[in-house]
Amino acid sequence: MNSKVSCAPQKRSEQKRSRETKCKIIKAALAEFASAGFEGVSTRAIASRAGVNHTLITHHFGTKEDLWKAAAAAIFDTYLSESEKYRQSLGRLEQIEVVRELLKHYINFSAEFPDFHRFMIQANHGDSELLNWFTDEYISPYADSELDLLQQAQKLGLMPEGDSLHVRYLFIGAVNSIFTFAPQFRRLSATDPFSKQVVERHVEYVLSLFSGKKL
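Residues numbered from 1 in each chain as written. Predicted model: local features only at pLDDT ≥ 70, side-chain atom pairs only at ≥ 80, totals over all residues. Heavy atoms only, no water.

Next up on the list: the environment of N176. Mapped onto the secondary structure, N176 falls in helix α8 (residues 164-180). Spatially, the C-alpha atoms of N176 and G62 are 32 Å apart, while their sequence positions differ by 114 residues. Each residue touching N176, except ones within four places of it in the same chain, is listed here: Y106, S110 and H117. (Helix = DSSP H or I, 4+ residues; strand = E, 2+ residues; numbered from the N terminus. Contact = heavy atoms within 4.5 Å.)

Here we come to the pattern of salt bridges. The final tally for this structure, using the stated rule, is eight salt bridges. For R49, the salt bridge is made with E32, and the minimal N-O distance between the two is 3.0 Å. With R49 in helix α2 (residues 43-50) and E32 in helix α1 (residues 16-36), this pair connects stretches of sequence that are 17 residues apart. (Salt bridge = Lys/Arg side-chain N within 4 Å of Asp/Glu carboxyl O.)

Turning to its location among the elements, I46 is positioned in helix α2. Residues I46 and L131, spaced 85 residues apart in sequence, show a C-alpha to C-alpha distance of 20 Å. Apart from the residues lying within four places of it in its own chain, the contact partners of I46 are I25, A28, A29, E32, F33, V41, I57 and L67.

As recorded in UniProt, the sites labelled "domain: HTH tetR-type" (unreviewed entry) are residues 19-79. Between the end C-alpha atoms of residues 19-79 the distance is 20 Å, and the span holds 80% helix and 0% strand. (UniProt positions renumbered as here; feature names shortened; annotations may be inferred.)

Another aspect to go through is the nonpolar core. Membership of the largest hydrophobic core comes to 65 residues, with the highest contact counts inside it found for F33, F134 and F171. Of all the elements, helix α4 (residues 64-89) adds the most residues to this core, at 10 residues. (Core = buried A, V, L, I, M, F, W, Y, C linked by side-chain atoms within 4.5 Å. Buried < 20%, exposed > 50% of the residue type's maximum accessible area, 1.4 Å probe, protein only.)

Enumeration over the complete set of coordinates arrives at 21 aromatic pairs. Ring geometry for F76 against F134: centres 5.7 Å apart, planes inclined by 75 degrees, an arrangement best described as edge-to-face. You can see F76 sitting in helix α4 and its partner F134 sitting in helix α7 (residues 128-155), a full 58 residues away along the chain. Here F76 and F134 have matching classes, each one buried. (Phe/Tyr/Trp six-rings, centres within 6.5 Å; stacked < 30°, edge-to-face > 60°.)

Assignment of secondary structure puts S164 in helix α8. Look past the residues within four positions of S164 in its chain and what remains in contact with it is L147, L150, Q151 and Q154.

Checked against the element boundaries, S42 lands in the loop between α1 and α2. Polar contacts involving the side chain of S42 include one to the main-chain amide nitrogen of A45, which spans 3.0 Å. (Polar contact = N/O pair within 3.5 Å; in protein donor to acceptor, adjacent residues only side chain to side chain.)

Okay, structure coming up:
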């Protein structure tokens with residue numbers, strides 16, 4: 001998992017070593033849950049990946065369910081933080097340029113943090129109560145902001161007309177398929193789907209596909 005993943009807000013009274021341990025556990029949990037889902041992962045496997053004693057998971061997070069929720073919060077906090085920083089960096093561009101750049105950022109983020117969508121895919125196959133919590137707590141408000149962006153893109157001719165929620169899932173699928181199937185793509189093409197050259201080409205392909213023109 002990318003080292004820039006944002007861990008949960010830290011208490012001022014927490015010692016540095018404790019914060020670092022929690023962060024290592026969250027990053028390991030994200031990678032494990034994204035790979036095998038909630039049911040397919042043990043806290044011992046997460047602890048092993050993090051390089052810590054498994055009792056520290058209980059100490060810092062409580063149950064595996066609590067750790068799963070902390071991992072969900074971490075990856076969404078990372079996405080929202082990175083998106084806001086990028087939006088602020090755009091300055092006073094024309095609206096069409098802002099929307100285009102935000103769509104590009106989403107694709108680049110998906111390449112940089114592939115576990116973001118792997119985690120969400122696995123969540124759909126797990127415990128229904130966890131999925132409901134995840135959907136209500138994160139997916140629903142996150143989708144609302146995405147839909148706002150996509151609706152702007154539709155008005156500007158950067159996305160096809162139609163139901164924006166349906167278009168959202170089409171866009172997510174197109175963006176992430178090459179990263180979700182990275183080992184297969186790498187085997188067939190003998191190229192790294194996460195390389196700068198391939199990601200740049202992927203951005204152009206996806207945006208061209210949805211706008212019907214080269215951007």
